[in-house]
Amino acid sequence: MDGLMTVFHMERSTDSLHNLQNNLPLFSEYDMQAIAALGREFEVDYINLAYTRTREDLRDARLFLDSLGLMTTRVMAKVETRQSLLNFRGILAAADGIVISRGNIGLDIAPEKMALVQKQLI
């Protein structure tokens, strides 16, 4: 492994907000500063884009990375909300990799439907 980048993020939702559309910025100011600083010091292989909503999120992440000179950095999309499930095909087509957050998805869909959703995603 040539390098490692770990970004911690704070939970952006609460139990009372399930099924709402997430309209928060893709990256916080802190996220952008951290990625830029680490990108200057290390060769960043991957970033994990938490709460990916649409393929446009991935496009915006790619444009941001490219503006920092991180053209070879790959973007993993984390699918963890109903919104991302509804846009899964576009996310899958645009991402370099996918992480499925079954725990968070389980908060947005009925437990009895979880197995069906997992089967469809695979």
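Conventions used here
- Residues numbered from 1 in each chain as written.
- Predicted model: local features only at pLDDT ≥ 70, side-chain atom pairs only at ≥ 80, totals over all residues.
- Heavy atoms only, no water.
- Helix = DSSP H or I, 4+ residues; strand = E, 2+ residues; numbered from the N terminus.
- Buried < 20%, exposed > 50% of the residue type's maximum accessible area, 1.4 Å probe, protein only.
- Contact = heavy atoms within 4.5 Å.
- Salt bridge = Lys/Arg side-chain N within 4 Å of Asp/Glu carboxyl O.
- Phe/Tyr/Trp six-rings, centres within 6.5 Å; stacked < 30°, edge-to-face > 60°.
- Pairing = 2+ DSSP bridges.
- Axes fitted to C-alpha atoms, helices over the stretch in contact; angles between N-to-C directions.
- Core = buried A, V, L, I, M, F, W, Y, C linked by side-chain atoms within 4.5 Å.
- Right-handed = clockwise from strand over helix to strand, strands pointing away.
- Arc of directions from axis to C-beta.

### Digging into the overall build of the chain
For the chain, the helix and strand inventory stands at six helices and three strands. Ordering the α and β elements of the chain from the N terminus gives α-β-α-β-α-α-β-α-α. The proportion of buried residues among the 122 residues of the chain is 36%. Put simply, 60% of the contacts in the chain that link residues at least 6 apart link residues at least 24 apart.

### Thoughts on the pattern of salt bridges
Scanning the entire structure with this criterion turns up four salt bridges. Asp-60 is the partner of Arg-59 in a salt bridge, and the nearest nitrogen-oxygen pair spans 3.0 Å. A relative accessible area of 46% means that Arg-59 is categorised as partly exposed. When its relative accessible area of 32% is taken as the criterion, Asp-60 is described as partly exposed.

### Regarding the packing of aromatic side chains
For the structure on display, the rule yields one aromatic pair. Seen from their ring centres, Phe-27 and Phe-64 are 5.2 Å apart, and the 45 degrees between their planes marks the pair as tilted. Pair noted here: Phe-27 is in the segment before helix 1 (29-41) and Phe-64 is in helix 2 (residues 55-67), with a separation of 37 residues, a long-range link. No difference in accessibility class separates Phe-27 from Phe-64, as the two residues are buried.

### Some thoughts on the sheet that holds strand 1 (residues 46-49)
Reading across from one edge, 1-2-3 is the order of the three strands in this open sheet, with parallel pairing throughout. Each edge of the sheet is formed by a strand with only one pairing partner; in this case those strands are strand 1 and strand 3 (97-100). Sheet twist, expressed as the mean angle between neighbouring strand axes with direction ignored, is 25 degrees. Pairing of strand 1 with strand 2 (residues 74-79) involves four bridges; the strand directions are parallel. The residue bridging Ile-47 from the neighbouring strand is Val-75, located in strand 2. Lying over the sheet, helix 2 contacts strand 1 and strand 2, oriented at roughly 150 degrees with respect to strand 2.

### Description of the nonpolar core
Nonpolar side chains tend toward joint burial in soluble globular proteins. Judged by nonpolar contacts, the single largest core of 23 residues is most densely connected at Phe-27, Leu-49, Leu-58, Val-75 and Leu-85. Contributing elements (two or more residues each) for this core: strand 1, helix 2, strand 2, helix 4 (88-94) and helix 6 (114-121). In contact with Leu-85, not counting residues within four places along its chain, are Val-79, Ile-105, Ile-109, Val-117 and Leu-121.

### With respect to the pairing of strand 1
Of the two faces of strand 1, only one is covered, namely that formed by Ile-47 and Leu-49; the face formed by Tyr-46 and Asn-48 stays uncovered. Read as a crossover between parallel neighbours, the route from strand 1 over helix 2 to strand 2 is right-handed.

### Some remarks on helix 6
Taken together, the buried positions of helix 6 are Met-114, Val-117 and Leu-121. Buried residues of helix 6, viewed axially, fall in a sector of 65 degrees; they line one side. Opposite its buried face, helix 6 presents the exposed residues Ala-115, Leu-116, Lys-119 and Gln-120, each directed more than 90 degrees away. Those residues of helix 6 that are buried lie in contact with helix 3 (82-86), helix 4, strand 3 and helix 5 (102-108).

By themselves, these observations are geometric and do not establish any function.
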